[in-house]
Amino acid sequence: MVLRHPWAGPELGQVGLLHVGPDAVRMTSGLLAQFEAAGFPAGEEDLAAGALMSYVVGIATSEAAYLSLVDRSGVPEHERLSDHSPDSGGEADPRQVREDRFAHGLDRILDGLAGSLPPGDDRGSRPTGR
């Protein structure tokens, strides 16, 4: 949503709890249920969900700002990518690079959260071969 509506990222900090609609409440409840099902102790699932959402919102806001900069610059993203990331290769698909970077960070966040599960609880174990 933030990538489609870049103006929304900075507004997220302005939204108070009175403005949270039923869709957001439903999404948050579902997310908390997933963390509870994964084995997080009562009272910690909201902290884990908050860490995850902070990463997602932060990266989406940064990416939206970057894409806005690319758009304003008039330089195609693949040229910017090859100029600023020599290891990316000239043929790299910029969207795939962004998705891979997001997935890498998400994996690190989820691995860290999984590491905080109580010992002997395998409900939160992640499948191999990701």
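No experiment lies behind these values; they were computed from the predicted model shown.

J.: Can you lay out the overall build of the protein chain for me, pointing to particular residues and giving the numbers?
T.: Assigned secondary structure in the protein chain consists of five helices and zero strands. When the helices and strands of the protein chain are read in sequence order from the N terminus, they spell out α-α-α-α-α. A total of 130 residues make up the protein chain; the buried ones form 23% of that total. The long-range share in the protein chain, meaning contacts at least 24 apart out of those at least 6 apart in sequence, stands at 51%. Element-wise, carbon and sulfur atoms account for 58% of the exposed surface of the protein chain, whose accessible area totals about 9000 Å².

J.: Hey, could you go over the nonpolar core for me, with residue numbers and the actual values?
T.: Within the largest apolar cluster, nine residues are counted, these being Leu 31, Phe 35, Ala 38, Phe 40, Ala 48, Ala 49, Leu 52, Leu 113 and Leu 117. With three residues, the single largest contributor to this core is helix α3 (residues 45–73). Ignoring sequence-local partners within four residues, the contact set of Leu 52 consists of Leu 31, Phe 35, Leu 106, Ile 109 and Leu 110.

J.: Tell me about the pattern of salt bridges, residues and numbers included.
T.: As enumerated under the stated definition, the model contains five salt bridges in all. Residue Asp 111 is joined to Arg 108 by a salt bridge in which the shortest nitrogen-to-oxygen separation is 3.4 Å. Of this pair, Asp 111 and Arg 108 both sit in helix α5 (residues 94–114), separated by three residues, roughly a single helical turn. Arg 108 sits in the partly exposed class, given a relative accessible area of 40%.

J.: Outline α3, listing residues and values.
T.: For α3, which comprises 29 residues, the first-to-last C-alpha distance of 42 Å matches the rise-based estimate of 42 Å (1.5 Å per residue) to within 8%. All of the buried residues along α3 are Glu 45, Ala 48, Ala 49, Leu 52, Tyr 55, Ala 60, Glu 63, Ala 64 and Val 70. Gly 74 sits one or two residues past α3 and shows a positive phi near 80 degrees.

J.: Now, about the confidence of the model for the protein chain: what can you tell me, with residues and values included?
T.: Residues with a pLDDT of 70 or more make up 78% of the protein chain, whose mean pLDDT is 81. No element of the protein chain has a lower mean pLDDT than helix α1 (residues 8–11), at 72, and none a higher one than α5, at 94.

J.: Give a description of the packing of α3 against α5 that names residues and reports values.
T.: Contact pair α3 / α5: the axes reach a minimum separation of 10 Å and the direction vectors enclose 165 degrees. On the basis of their axis angle, the class for α3 and α5 is roughly antiparallel. The way α3 lies across α5 gives a crossing that is right-handed. Where α3 approaches α5, its residues Ala 48, Ala 51, Leu 52, Tyr 55, Val 56, Ile 59, Glu 63, Tyr 66 and Leu 67 are matched on the opposing element by Arg 98, Arg 101, Phe 102, Gly 105, Leu 106, Ile 109, Leu 110 and Leu 113.

J.: Outline the side chain of Glu 77, listing residues and values.
T.: Note that Glu 77 resides in helix α4 (residues 77–84). In contact with Glu 77, not counting residues within four places along its chain, are Tyr 66, Leu 67, Val 70, Pro 94 and Arg 98.

J.: Just give me the short version of the side chain of Glu 63, but keep the residues and values in it.
T.: As for its position among the elements, Glu 63 is in helix α3. Glu 63 gets classed as buried once you look at its relative accessible area, which sits at 15%. Here the side chain of Glu 63 touches Arg 98 through a polar contact of 2.6 Å, side chain to side chain. For Glu 63, the contacting residues outside a window of four places in its chain are Leu 3 and Arg 98.

Each value, and the rule that gives it
Residues numbered from 1 in each chain as written. Predicted model: local features only at pLDDT ≥ 70, side-chain atom pairs only at ≥ 80, totals over all residues. Heavy atoms only, no water. Helix = DSSP H or I, 4+ residues; strand = E, 2+ residues; numbered from the N terminus. Buried < 20%, exposed > 50% of the residue type's maximum accessible area, 1.4 Å probe, protein only. Contact = heavy atoms within 4.5 Å. Areas by Shrake-Rupley, 256 points an atom, 1.4 Å probe, with all protein chains shown as cover. Core = buried A, V, L, I, M, F, W, Y, C linked by side-chain atoms within 4.5 Å. Salt bridge = Lys/Arg side-chain N within 4 Å of Asp/Glu carboxyl O. Expected span 1.5 Å × (residues − 1). pLDDT = per-residue confidence, 0-100. Axes fitted to C-alpha atoms, helices over the stretch in contact; angles between N-to-C directions. Parallel < 35°, antiparallel > 145°, perpendicular 65-115°, else oblique. Left-handed = near helix turned anticlockwise from the far one by under 90°. Polar contact = N/O pair within 3.5 Å; in protein donor to acceptor, adjacent residues only side chain to side chain.

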